[in-house]
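Below are the chains, spelled out letter by letter.
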Amino acid sequence: MSTPTAGTPLLEVTDLAVEYRNGRRSFRAVQDVSFTLEPGRTLGLVGESGSGKSTIGRAILGLAPVSSGSVRFAGAELATMKRAERRTLSDRIQVIFQDPYSSLDITKTIGYTLAEPLNHHERLSREQTLQRIRAMVRRVGLPEESIHRYPAQFSGGQRQRIAIARALIGNPTFVVCDEPVSALDLSIQAEVMNLLAELQKSMGLALLFISHDLSVVRHISDDLVVLKDGRVVEQGPAEQIYANPTHPYTQTLLAASPVPDPDAQAARREARRAAAAGGRPSIPTLERI
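For the structure given in this document, a descriptive report is provided here. (Residues numbered from 1 in each chain as written. Predicted model: local features only at pLDDT ≥ 70, side-chain atom pairs only at ≥ 80, totals over all residues. Heavy atoms only, no water.)

### Describing the sheet that holds strand E1 (residues 11–22)
Stage number 1. Spatially, E2-E1-E4-E5 is the arrangement adopted by the four strands of the open sheet, whose pairing is antiparallel. Edge positions in the sheet fall to strand E2 (25–37) and strand E5 (76–77), since each of these pairs with one other strand and no more.
Stage number 2. Pairing of E1 with strand E4 (residues 68–73), which is carried by five bridges, proceeds in the antiparallel orientation. When the sheet's bridge partners are listed, Glu-12 is paired in E4 with Arg-72.
Stage number 3. Seen against the sheet, helix H1 (residues 53–60) touches E1, E2 and E4 and runs at an angle of roughly 105° to E1. (Pairing = 2+ DSSP bridges. Helix = DSSP H or I, 4+ residues; strand = E, 2+ residues; numbered from the N terminus. Contact = heavy atoms within 4.5 Å. Axes fitted to C-alpha atoms, helices over the stretch in contact; angles between N-to-C directions.)

Structural data, given as structure tokens:
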């Protein structure tokens, strides 16, 4: 399986539907979702809780059932791929979860955790493995001696840096970032976002960045897909959507995003109230805030 060149989609999601069944009852969490992601670019997948954004990420990763539609990665159909076949892609497709503590093995040192994907996919000597681990730890902004410590000995922001290191140490081409900063303090969010943006650029990664907050994905996304009730309501270049959102739901999400200017924030709150009352809010453009 070859990596597509620039301008050719690395990931193609077409008419995706995800349905959960409980006995005779069923619930369609995602319906008719389509988008593409090119190599080296970042797509922001945005919506409130229950919009289906994380379900889409899980469907891509093989963790949620694909009821219909297509999910193609580098030309290969993931929706019908067997579990054993998917394991062969684990060095190219990785994920960063919301809660780094629950996604890390608290009984293993950081060095052991980072060595696992290398031992699984590459035949390296002990010294080569140690060099890779030390280099990656430094790259995510942690001291080398961190590899001898356990997850409980780190702060939330540091644990997320470790989770990022684990996802990237095998040099993947595509990473699903499922709300990777929502559990962090605002100041730490900015640090982790800047780290992800730098790594995305330097490593040429394609990122699917899932978030409920449009302001979080603003500076990292090239393109946006806005979801409501499992369906796409708006999609396109990120700056275009931020500057001129056309769907009332997108306008409402922007109105809910905090901004440092109190007057602009008050205008956003008023726009949100208007949207809730059934009106079409007028959102301040980026130039005005």
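Let us keep going from here.
### Focus: the nonpolar core
Stage number 1. Ranked by internal contacts, the top residues of the largest apolar core, which has 45 residues, are Ile-133, Val-140, Ile-164, Leu-168, Phe-209, Leu-214 and Leu-224.
Stage number 2. With six residues, the top contributor of residues to this core is helix H7 (residues 186–203).
Stage number 3. Val-140 has contacts with Arg-161, Ile-164, Ala-165, Leu-195 and Leu-199, leaving out every residue within four places of it along the chain.
Stage number 4. In terms of nonpolar packing, the next biggest core, distinct from the first, is built from 33 residues, Ala-64, Ala-74, Ala-206 and Ile-210 among them. (Core = buried A, V, L, I, M, F, W, Y, C linked by side-chain atoms within 4.5 Å. Buried < 20%, exposed > 50% of the residue type's maximum accessible area, 1.4 Å probe, protein only.)

### What to know about the layout of surface pockets
Stage number 1. There is about 850 Å³ of room inside the largest pocket.
Stage number 2. Mapped onto the lining of the largest pocket, the elements with two or more residues apiece are H1, helix H2 (83–87), strand E6 (93–96), helix H4 (110–121) and helix H6 (156–168).
Stage number 3. Broken down by element, the residue count for the lining of the largest pocket peaks at four residues, all from H4. (1 Å grid on protein atoms, 1.4 Å probe; cavity = no way out; pocket = protein on both sides within 12 Å on 5 of 7 lines; lining within 4 Å. Points joined across faces, edges and corners; volume = space filled by probe spheres on them.)

### Some details on the side chain of Lys-53
Stage number 1. Within the secondary structure, Lys-53 is located in helix H1.
Stage number 2. The exposure class of Lys-53 is buried, given its relative accessible area of 6%.
Stage number 3. When sequence neighbours within four positions are dropped, the list of residues in contact with Lys-53 reads Leu-45, Val-46, Gly-47, Glu-48, Glu-179, Ile-210, Ser-211, His-212 and Leu-227.

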